[in-house]
Amino acid sequence: MERKERKRLVVGNWKMQLSHKAELETIGAIKNLLKNVALDVEVVVCPSFPSLAGVAEAVKKSTKLAVGAQNIHWEEKGAWTGSVSVLQIKPFAQWCIVGHSEQRALTGESDEEVQVKVSTLLKYGLTPVVCVGETAQERASEQTTARVSEQTKTILNKMTRVSLSKLVITYEPIWAISANQPDELPDPNNIAGTMLLIRKLAADRFGVEAAERLRILYGGSVTPDNVASFVFEPGVDGVLVGGASVHPGQFVNIIKQLQGGGSQA
Ligand code: PEP
């Protein structure tokens, strides 16, 4: 499968940045800005839990926008005060971010727990956008390959060849997330190298053809000014956008820069 057969994907992670009213205004503005654009990029927005239903309603008739949640509990239901399950997001969301470093740090979530969330989402037909990436400390001690391999293998070990095409992996170096105020951004060549590593791990387990169906995104401080340097590297299928995704103009600018495919392999 060539790169152009994997549809490019942009996922907006709104985190806990906006009020309910602002989330509805933001989706309205994004819809409006995309109105006359013939999109060949898949776009997913991930609002806060309380706005999932409202944002889902706003994009109900849209063929351009889909909705994702920002996390789920690994259990399907039960006595878990304050948590939200796959069954509760399913009426509103077709996608879900899991293993985000902010959740991992907040709850001490392990790679195995992230893997169970991935399986739970796949069981109910939702697409997991699972985040992997190294901390600043791991980077400094040259542990990036080891850490990303460990996270990726834990997920892949419980997958089937068929489900691989329904998985999205985001390589998101934790130190490069805008909220962590990075002094520098990753070298696009290093990003491409880590993407190749992830795809090779998938190929080792399921064969080259199956691995070519896996979509791999880059995440970390993506803006309209720098997105082109990341997405036109070989093997990069799109971006996970945090800070810039709550600004409709910036978000749509990023989407437009991914239009038309562009890269190879
Ligand atoms: C994120 O944390 O998922 C993210 C991509 O954030 P930002 O774009 O703000 O670095």
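What counts, and where the lines are drawn
- One numbering rule holds for all chains: residues counted from 1, following each sequence as written.
- Local features in this predicted model are restricted to residues whose pLDDT is 70 or higher, and side-chain atom pairs enter the listing and the counts only when it is 80 or higher, whereas totals over whole chains, interfaces and linings include all residues.
- By convention in this description, side-chain values take in all heavy atoms of the structure and omit both hydrogens and water.
- A side-chain nitrogen of Lys or Arg and a carboxyl oxygen of Asp or Glu constitute a salt bridge if their distance falls within 4 Å.
- Helix and strand assignments come from DSSP, with helices taken as H or I runs of at least 4 residues and strands as E runs of at least 2, each series counted from the N terminus.
- Relative accessibility under 20% of the residue-type maximum defines a buried residue, over 50% an exposed one, and the middle range a partly exposed one, all with a 1.4 Å probe and only protein chains included.
- Two strands are counted as paired when DSSP detects at least two bridges linking them.
- A fitted line through C-alpha atoms serves as each axis, taken over the contacting stretch for helices, and the angle formed by two N-to-C directions is quoted from 0 to 180°.
- Here a residue-residue contact requires only that any non-hydrogen atoms of the pair lie within 4.5 Å.
- In a left-handed crossing the near helix is turned counterclockwise from the far helix by less than a right angle, and in a right-handed crossing that turn is clockwise.
- Gly is put with the polar residues, along with every residue not named as nonpolar or charged; the nonpolar set is Ala, Val, Leu, Ile, Met, Phe, Trp, Tyr, Cys and Pro, and the charged set is Asp, Glu, Lys and Arg.
- Multiplying 1.5 Å by the residue count of a helix minus one yields the expected span of that helix.
- Contacts described as polar in this section are N or O atom pairs within 3.5 Å, which, within protein, must combine one atom able to donate a hydrogen with one able to accept it, while residues neighboring in sequence count only if both atoms come from side chains.
- A crossover gets the label right-handed when its path from the first strand over the helix to the second runs clockwise, viewed with the strands pointing away from the viewer.
- We call a residue near a molecule or strand as soon as one heavy atom of that residue lies within 4 Å of the molecule or strand.
- Residue-level accessible areas treat just the shown protein chains as cover; the underlying method is Shrake-Rupley with a 1.4 Å probe.
- Only rings of Phe, Tyr and Trp enter the pairing, Trp through its six-membered ring, and a pair is recorded when the two centres are within 6.5 Å. The plane angle decides the type: under 30 degrees is stacked, over 60 is edge-to-face, the rest tilted.
- Detection works on a 1 Å grid of protein atoms alone, calling trapped sets that fit a 1.4 Å probe cavities and calling open sets with protein on both sides within 12 Å along at least five of seven lines pockets, with lining residues defined by an atom within 4 Å of a point.
- Grid points are joined across faces, edges and corners, and a volume is the space filled by probe spheres set on the points.

Visitor: Any chance you could explain the pattern of salt bridges here in plain terms?
Guide: Pairing is possible between side chains that carry opposite charge, provided their charged atoms lie close to one another. One pass over the structure, following the stated rule, counts 15 salt bridges. Here Asp111 ties to Arg147 by a salt bridge, and the two come within 3.0 Å at their closest N and O atoms. Taken together, the residues span a long stretch of sequence, with Asp111 in helix α5 (residues 111-123) and Arg147 in helix α7 (residues 144-156) at a distance of 36 residues. Each member of the pair Asp111 and Arg147 is classed as buried. Taken together, the shared-partner salt bridges in this structure form one network comprising Arg104, Asp111, Glu138, Arg147 and Glu150.

Visitor: What exactly am I supposed to notice about the sheet that holds strand β4 (residues 95-98) here?
Guide: To summarise the sheet geometry, strands pair through backbone hydrogen bonds and adopt either a parallel or an antiparallel arrangement. Around the barrel, which closes on itself, the eight strands sit in the order β1-β2-β3-β4-β5-β6-β7-β8 with parallel pairing between neighbours. Averaged over all adjacent pairs, the angle separating strand axes in this sheet is 25°, with direction ignored. Bridge count between strand β7 (residues 215-219) and strand β8 (residues 238-241): two bridges; the pairing is parallel. In the sheet register, Gly219 faces β8, and the bridge partner there is Leu240. The strands that helix α1 (residues 20-34) touches are β2 (42-46) and β3 (65-69); relative to β3, the one it contacts most, it runs at about 150°. This element, helix α8 (residues 188-206), spans β5 (127-132), β6 (168-171) and β7 of the sheet and lies at about 150° to β7.

Visitor: Is there a simple way to think about the packing of α7 against α8 in this case?
Guide: Between two packed helices, the angle of one axis relative to the other and the distance separating the axes together describe the packing. As a packed pair, α7 and α8 sit with axes 10 Å apart at the nearest point and diverge in direction by 35°. Like other packed secondary-structure pairs, α7 and α8 cross with a definite hand, here right-handed. On α8, the residues that touch Thr145, Val148, Ser149, Thr152, Lys153 and Leu156 of α7 are Thr194, Leu197, Ile198, Leu201, Ala202, Arg205 and Phe206. The class makeup of the residues in the contact of α7 with α8 is seven nonpolar, four polar and two charged.

Visitor: How should α8 be read in this particular structure?
Guide: Think of an α-helix as turning once every 3.6 residues; residues three or four places apart then point the same way. Given a rise of 1.5 Å per residue, 19 residues ought to cover 27 Å, and the 27 Å separating the end C-alpha atoms of α8 matches this to within 8%. Listed in full, the buried residues belonging to α8 are Ile191, Ala192, Thr194, Met195, Ile198, Arg199, Leu201, Ala202, Ala203 and Phe206. On the buried face of α8, the contacting elements are β5, α7, β6, α9 (208-211), β7 and α10 (227-231). At the N-terminal boundary of α8, the capping side chain belongs to Asp187, with an oxygen 2.8 Å from the backbone nitrogen of Asn189. Following α8 by one or two positions, Gly207 has its phi on the positive side, about 95°.

Visitor: Hey, could you run me through the pairing of β3 in this one?
Guide: The side chains of a regular strand alternate, first on one face of the sheet and then on the other. With five of its five residues buried, β3 lies for the most part within the structure. With burial as the criterion, each face of β3 is covered, one bearing Leu65, Val67 and Ala69 and the other bearing Ala66 and Gly68. As paired elements, β2 and β3 share three bridges and run parallel to each other. Counterpart to Val45 in the pairing with β3 is Val67. After leaving β2, the chain enters helix α2 (residues 52-58) and then returns to the sheet as β3, a path that is right-handed. Note that β3 and β4 share two bridges and pair parallel. The residue of β4 that forms the bridge with Ala69 is Cys96.

Visitor: Please explain the site of the ligand as it appears in this structure.
Guide: Lys15, His100, Ser178, Ser221 and Gly243 are the nearest of the 14 residues found near the ligand. In this structure, an oxygen atom belonging to the ligand sits 2.8 Å away from a main-chain N or O atom of Gly242. Gly243 places a polar main-chain atom, nitrogen or oxygen, 2.8 Å from an oxygen atom of the ligand. Here the ligand loses 99% of its free accessible area of 300 Å² to cover by the protein chains. Partitioned by chemical class, the residues of the shell around the ligand number four nonpolar, seven polar and three charged.

Visitor: Help me understand the packing of aromatic side chains, please; the structure alone is not making it clear to me.
Guide: Here a ring pair, both rings aromatic, is described through the centre-centre distance and the interplanar angle of the planes. Considering all chains together, one arrives at two aromatic pairs under this definition. Summarising the aromatic geometry, the rings of Tyr218 and Phe230 are spaced 4.5 Å apart at their centres and angled 35° between planes, so their arrangement reads as tilted. Here Tyr218 is found in strand β7, whereas its partner Phe230 is found in helix α10, with 12 residues between them in sequence. Each of the two residues, Tyr218 as well as Phe230, counts as buried.

Visitor: In this structure, what is going on with the layout of surface pockets? I would like to understand it.
Guide: If a probe as big as a water molecule is rolled over the atoms, it shows which places are left empty. Looking at the largest pocket, its volume works out to about 640 Å³. What lines the largest pocket is a set of 23 residues, among which Phe49, Gln70, Asn71, Gln103 and Leu106 lie closest to the centre. By residue number, the principal contributor to the lining of the largest pocket is helix α4 (residues 101-107), which donates four residues. Of the residues contributing to the lining of the largest pocket, the split by class is nine nonpolar, 10 polar and four charged.

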